[in-house]
Structures are given as structure tokens and as C-alpha cells.
Amino acid sequence: MPARNHKQWTANPPLKDGEWINSRIYSDPEIAQEENEKIFKNMWVPVCHESELPAPYDFRTTSIANENIIICRGPDNEVRAFLNVCPHRGMLIERRPSGSFMEGQASGNPKRITCMFHAWQFDMKGNCVYVAREKEGYQDRLCKEQVGLRRLRCEVKFGGFVWINLNDNPSVSLEDWAGEPFECLRKTLDEEPLEVFHYHKAIIDTNYKLWHDTNSEFYHDFMHYHNRVTGFNDAYFARKNEAFDHGHVVVGTFEVNYENYEGFESRADLSFPHLPPNQWYMVDLFPGFNFNLRGSALRCDTVTPLGPDKVLIEFRGLGLKSDSPEDRMTRIKHHNSIWGPFGRNLHEDLIGVAGQGTTMRPDTEPRRILHGRQENQTIHDENGMRHYYEEWGRWMDRSPIAPDMPFSDRDDGSQVVNAE
Amino acid sequence: MIEMKAKIERAIYEASMALDNNNWAGWLSLCDEEFNYKITAFSPEINKDMIYFEHNKGELANLLDMLPKHNTDHSPLFRHTSVYTVDVSESGTEARATSSVVVFQNMLDGVNSHLDSGESRLFLVGRYHDTFTITDGVVKFVTRETRLENRRLDKGSHYPI
Ligand code: FES
Ligand SMILES: [Fe+2]
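The structure displayed is predicted, hence computed values, not measured ones.

J.: Before we move on, can you summarise the overall build of chain B with the specific residues and values?
T.: Within chain B one finds four helices and six strands. Across chain B, helices and strands are ordered from the amino to the carboxyl terminus as α-α-β-β-α-β-β-α-β-β. A compact globule built from 161 residues should have a C-alpha radius of gyration of about 15 Å, and chain B, at 16 Å, falls within 12% of that. Projected onto its principal axes, the C-alpha coordinates of chain B cover approximately 55 × 35 × 25 Å. Here chain B holds 161 residues, and 51% of them are scored as buried. Of all intrachain contacts in chain B linking residues separated by at least 6 positions in sequence, the fraction that spans at least 24 positions is 62%. For chain B, the accessible surface area stands at approximately 7,700 Å², while carbon and sulfur atoms represent 50% of it. Side-chain charges of chain B comprise 17 positive and 24 negative groups, with the mean position of each set lying 3 Å from the other.

Structure (C-alpha cells):
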């Protein structure tokens, strides 16, 4: 087709509803804010890995949907999560990303979570255990028993990741929400403890969903020279893209030929437990969490949306806690070669989504984004994204092709509304 | 000794210039056959020393040869290097040096080149920890550890730092 005029350019494509969406859902500040309220505040979020707080009194801080969170390990070894907000006058209680409460802080005692502002102190269960000059100021009107921290739902699961849900009554348990997609890796991830060896973050001018899309579509392997030479064969093109309830997708495995890339080596010797050599599994959880196992190393990405056109992506790499120093080094090398900040593929992926973010920044004209490849649910089929946006439509009660219209299911899973 | 220290400083600055110019062959020619290159950082988030990149000379040469096959951000990097310490062994055959390095990215692509190109942004901050061999007065890098302070790396890079 020759280049199109404005009317042609903005017309709906000759694809079924659901096979394309409206780019406004990547650009609209109101939608982005609503996603935090409707989705992220009700979702299980893998905020960190338990190996990041290995000892009693270790802590980590994070945030979900603008709410600050502190995670700590108690003397009973339980990992618990609380809002990182002081019940007195709203100070951020812990300011560092991680540390240990075994050390006393300037305003408080060891083994306590201390708010530096007026020295209120809390224990590892979130109980308030000290209010400075309590009786003098509050007499019998308020006591420390009434000013505990806000505790949050928190579970350690699926390979030792720490999952938090801001909703006290989630619509579905963590097991029911993600158990099925994790089934293919459950034995592998739970055989023995894992350990994080890599962390870095990126803040990219793009919508968080575009990052998740890139993690769940493999058609973009055309952008990765590495994946073309190590992957493109019959087994690769037969890989299944399997959709699960709640918007998740699992990309099935095949054997990667790492030696086809000059200077790369097979990863067979360091396969995770119960895996045949050089397998590659990918679990993509709605709305933006990715678990990617390339034989010898596990990668986990989590997104934290910062607006319609900004996202924080945290990247973790994991090996087995029992690794010898040599094995760990090899795993790190395997991880870095493709996924590190100086690796072959990650840089390309990030350039890709940043470019999408550029053309879809707020106030750009909405246009049609095509998710219409149908290839029998194999690797280049775009069913992963179609499945994702159906779930998105349900949570938001907005049609992904006409965001001002309510979402409605049809029998065939496609939608009945017309574009705006 | 003073002269040798000056030679080592010069090697560090020549390496910075070669890297600034994407002159990979020139950079590698300053390195011994045993050369090992690492990019490292400490993460307070996970409380671990990390290796972000590690390659020997052969692996590096391979990787750099392969660059045209990869999609890469086009913005050039410019290093500001200051040599802090140089210590030459008593035998005069080995040396080590620590330098401070700040890397700027001179935007070509940016997010939107119409707006961003031409601007320089702070890209990375760190130290070079280098070791050298000295044979017949010729200085060669044996190891370089580029130790970064950054854990936020946004798009990262395909280039050695
Ligand atoms: S705000 Fe925390 S003790 Fe006052
Ligand atoms: Fe990719």
C-alpha cells in the first residue's frame, strides 16, 4: 500500500477487534493514574527476593502505586511488609533501600524500626513499642497499642520472591493467581534456595505496558542478532505461547544453540534443577512481571509505572544459593552476556520501547497498534498481548480499542465496541 | 621512576581517547594478551558486589567485531579521566593505577533527537582500577576494572566504558 493520508492513517485496520488497540492507553495521564488505583493497588507484586534480606532484622524498602513500603525479616525468620509511613506525622520511616535494624539509628535502639522524626519505635511485627513521652502528651487518650504500622499482605513464594498486595482482601490468592503459569518451573525454582546476584534499574520514557509487551512477544527477535543466530530453527518456531487465567502468558521452552553466536558457550553444565540443557522458559505475569529462565540463570523484571510515559524497571539476576564461586561466576557471565546493562539484547529491547514511548508520549495523536499476528499460538503469534489487553480491559472497565467505552466480553473473547 | 609513572598516565589517557573515538583496535593494542576487562558495582539494594560485564581480550575483540550486527544507541560517550595514583613495583615490571572517571553521553538519538541531540548528559561515574606490565619500557594494560557507582543504567550500552 502506498503511504496513507490522515483519514487512511487513522482508520481502523482490517483486523478483528482485539487484534489491534488504541495507543491512547499508553499515553493518557488519566488512564495511567487509574491503572495505579484499579490494578496496581489490587495486584500481587514481586517486590524483591528473600535473599536480599537474608538475616533477621534485615530490611528492604520499595513502593507500589506511589505507596512506600518496608519489608523486614523478623527474629522468627518471617518476612513481613508494612507501609513505610509513620503513624504519627507521616514521616517516611526508613529512607535507605536496604540495611539491618541490628544497628541502632541516631534516634532509636537496635532491633527497632525507628522513625527519626520524634523517635517512635516499632518492632519487626509492626507493633508500636515506644512513643516518646507518651503519657505526658496523650494521657489516657491514645496509647502505643493504637498506633501500630499498617501491615500488608506478604508472601514468599515461587522461588523465594517476596510478593505484596496492597489490598487486604485480594480478589484471588497468590497461589490461585500465578500457580498455573509457574507450574512449568515450580520444581525448578523450589528445589533449593535461589540467590540474587544482579540488580540494576532503568527509568525509561515509555509506558510500562510496552515493556511488558516486549517481554511477551518474540516477533521482535528480528531486532536481536543474537536470538536470530542462536534461535531461529524449527524448534524455535514451534515454541508455544500459552495463555493462562488472569492475563498471564508462558512461552514454552526449546533448546537454544548458544555456540552459534561467536564467542558464546553452551549453558548445559549449569542448568537449573530438573531442566534439560539450554532450555529457555518465560513466564509473563499481568500487569508487568517477567520471569525468564535461560538454562543457567534466572532473570526477573518488575515494573513500577511512574506516569503514562515513564516507568521504573528493576532487573534482577539469580542463581542457586549453593553455587560454588566458579559456578556463580559462570552464571553471572551467562546472565550478563544477553541481559546485563552491557549485554547484547537488553540494550536493544530498551531502545525499542523508548522509541515507542517517544511516538506515544502524552498529547500525541492516538493511533492503532497492531497485535494481529495469528500463528497457531506459536512464538511469533501475538496472542500473548491480545490475552493481556483483555485482562487489562476487565480490570479497567475500558475497551483497549476505545478507552472511553466500557469493556465487554463476547463469547469469542473479542469485543463488541467500535473504535472512537 | 617518574618517567615510568608518566608513561603509565599516558597509557590511561590514550585508552580514554581510543574509547572516546570508538577506536576499539587502538584500545586493544594498548592491552596485553592476558588482558581482562570488568565492569563492576556494589549494590546496596541487594547488598552485593556485582559484575556487570567481564571479558578477556579475545572475547572483547569478538564482541567489538560483532557490534555492527547489533542495534546500538548512536550517542557517543566522552570520558573525563583523572589519574589519582600510580604505583610502580620495585622490579619496575608491573604497575597499578587508580583513576577517577566520569562519562558523558553526547546525545545523538536521545529520546527524541529533535529535542535531545547535541546535549551532553552525565552517563556514568566511577573509577578505573588498572594493572600493567612493563616490558622493555613498553606499558600494557593487564587488567581494568571499571567500578561504577551507578546502578541506574537506563538503556545501558554496547560499548566498553
Ligand atoms: S513523624 Fe514519626 S515519630 Fe513523628
Ligand atoms: Fe528482547
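J.: For the coordination of the iron ion (ligand 2), give the residues involved together with the corresponding values.
T.: Distances from the iron ion (ligand 2) to its protein donors, namely His220 of chain A (NE2), His224 of chain A (NE2), Asp349 of chain A (OD) and Asp349 of chain A (OD), fall within the range 2.1 to 2.6 Å. What the four donor atoms of the iron ion (ligand 2) show is an angle range of 53 to 137 degrees at the metal, which sorts the shape as irregular.

J.: Can you break down empty space enclosed by the protein residue by residue, with the values?
T.: Residue and element names in this part refer to chain A. Per the stated rule, a full pass over the model turns up six cavities of 30 Å³ or more. Here the largest cavity is characterised by a volume of approximately 130 Å³. Looking at the lining of the largest cavity, the elements that each hand over two or more residues are helix H6 (208-216), strand S15 (280-285), strand S16 (289-294) and helix H9 (325-339). In terms of residue class, the lining of the largest cavity is built from five nonpolar, seven polar and five charged. Approximately 100 Å³ is the volume attributed to the second largest cavity. Every residue lining the second largest cavity is counted, 14 residues in all, and those nearest its centre are Val45, Ser63, Ile64, Val303 and Thr304. Looking at which element gives the most residues to the lining of the second largest cavity, the answer is strand S17 (residues 297-307), with four residues. Looking at side-chain class alone, the lining of the second largest cavity contains nine nonpolar, four polar and one charged residues.

J.: Could you give an account of the nonpolar core, naming the residues involved and the relevant values?
T.: One finds Ile71, Trp163 and Trp177 of chain A together with Ile8 and Trp27 of chain B to be the most contacted residues of the largest nonpolar core, which totals 131 residues. Excluding anything up to four places from it in sequence, isoleucine 71 of chain A contacts Val47, Cys48, Leu53, Asp58, Phe59, Arg60, Thr62, Val79, Arg80, Ala81, Val162 and Ile164 of chain A. Grouped together as the second largest cluster of nonpolar side chains are 18 residues, Tyr57, Ile70, Cys86 and Cys115 of chain A included.

J.: Account for the confidence of the model for chain B, with residues named and values stated.
T.: Considering every residue of chain B, the mean pLDDT works out to 97; 100% of them sit at 70 or more. Across the assembled chains, the prediction reports ipTM 0.97 with pTM 0.96.

J.: Describe H6 of chain A, listing the residues and the values that go with them.
T.: Residues and elements named next belong to chain A. Of all nine residues making up H6, nine are buried, and the element is well covered by its neighbours. All of the buried residues in H6 are Tyr208, Lys209, Leu210, Trp211, His212, Asp213, Thr214, Asn215 and Ser216. Residue asparagine 207 occupies the N-cap position of H6, its side-chain oxygen lying 2.9 Å from the main-chain nitrogen of lysine 209.

J.: Would you mind going over the sheet that holds strand S2 (residues 48-56) of chain B in detail, with residue names and values included?
T.: Residue and element names in this part refer to chain B. A sheet is described by the order of its strands in space; here six strands give the open sequence S2-S1-S6-S5-S4-S3, paired in mixed fashion. The open sheet is flanked by S2 and strand S3 (77-88), the only strands paired with a single partner. With strand direction ignored, the average angle separating the axes of adjacent strands in the sheet is 20 degrees. The strands that helix H3 (residues 57-66) touches are strand S1 (31-43) and S2; relative to S2, the one it contacts most, it runs at about 75 degrees.

J.: I'd like a description of the packing of helix H2 (residues 29-38) of chain A against helix H11 (residues 383-396) of chain A, backed by residues and values.
T.: Residue and element names in this part refer to chain A. Between H2 and H11, the least distance of the axes is 10 Å, while the angle of their chain directions is 80 degrees. Classed by the angle they form, the pair H2 and H11 counts as roughly perpendicular. Counted together, Ile31, Glu34, Glu35 and Lys38 of H2 and Trp392, Trp395 and Met396 of H11 form the full contact between these two elements. Residues of the contact of H2 with H11, tallied by class, amount to four nonpolar, no polar and three charged.

J.: Go over the pairing of S17 of chain A with me, naming the residues and quoting the values.
T.: Residues and elements named next belong to chain A. Counted residue by residue, S17 has nine buried out of eleven residues, so it is predominantly covered. In sequence, S16 turns back onto S17 through a hairpin of two residues, with glycine 295 there showing a positive phi of about 60 degrees. As paired strands, S17 and strand S18 (residues 310-320) are joined by nine bridges and run antiparallel to one another. Paired with leucine 298 across the two strands is leucine 318, which belongs to S18. From the end of S17 to the start of S18, which pair antiparallel, there are two residues.

Cut-off values and rules
- Residues numbered from 1 in each chain as written.
- Chains lettered and ligands numbered in written order.
- Predicted model: local features only at pLDDT ≥ 70, side-chain atom pairs only at ≥ 80, totals over all residues.
- Heavy atoms only, no water.
- Helix = DSSP H or I, 4+ residues; strand = E, 2+ residues; numbered from the N terminus.
- Rg over C-alpha atoms; globule rule 2.2 N^0.38 Å.
- Buried < 20%, exposed > 50% of the residue type's maximum accessible area, 1.4 Å probe, protein only.
- Contact = heavy atoms within 4.5 Å.
- Areas by Shrake-Rupley, 256 points an atom, 1.4 Å probe, with all protein chains shown as cover.
- Lys, Arg positive; Asp, Glu negative; His and termini not counted.
- Charge placed at Lys NZ, Arg CZ, Asp CG, Glu CD.
- Donors = N, O, S within 2.8 Å, 3.2 Å for Na, K, Ca; no water.
- Tetrahedral: all angles 85-135°; square planar, octahedral: opposite > 155°, others 65-115°.
- 1 Å grid on protein atoms, 1.4 Å probe; cavity = no way out; pocket = protein on both sides within 12 Å on 5 of 7 lines; lining within 4 Å.
- Points joined across faces, edges and corners; volume = space filled by probe spheres on them.
- Nonpolar A, V, L, I, M, F, W, Y, C, P; charged D, E, K, R; others polar.
- Core = buried A, V, L, I, M, F, W, Y, C linked by side-chain atoms within 4.5 Å.
- pLDDT = per-residue confidence, 0-100.
- Polar contact = N/O pair within 3.5 Å; in protein donor to acceptor, adjacent residues only side chain to side chain.
- Pairing = 2+ DSSP bridges.
- Axes fitted to C-alpha atoms, helices over the stretch in contact; angles between N-to-C directions.
- Parallel < 35°, antiparallel > 145°, perpendicular 65-115°, else oblique.

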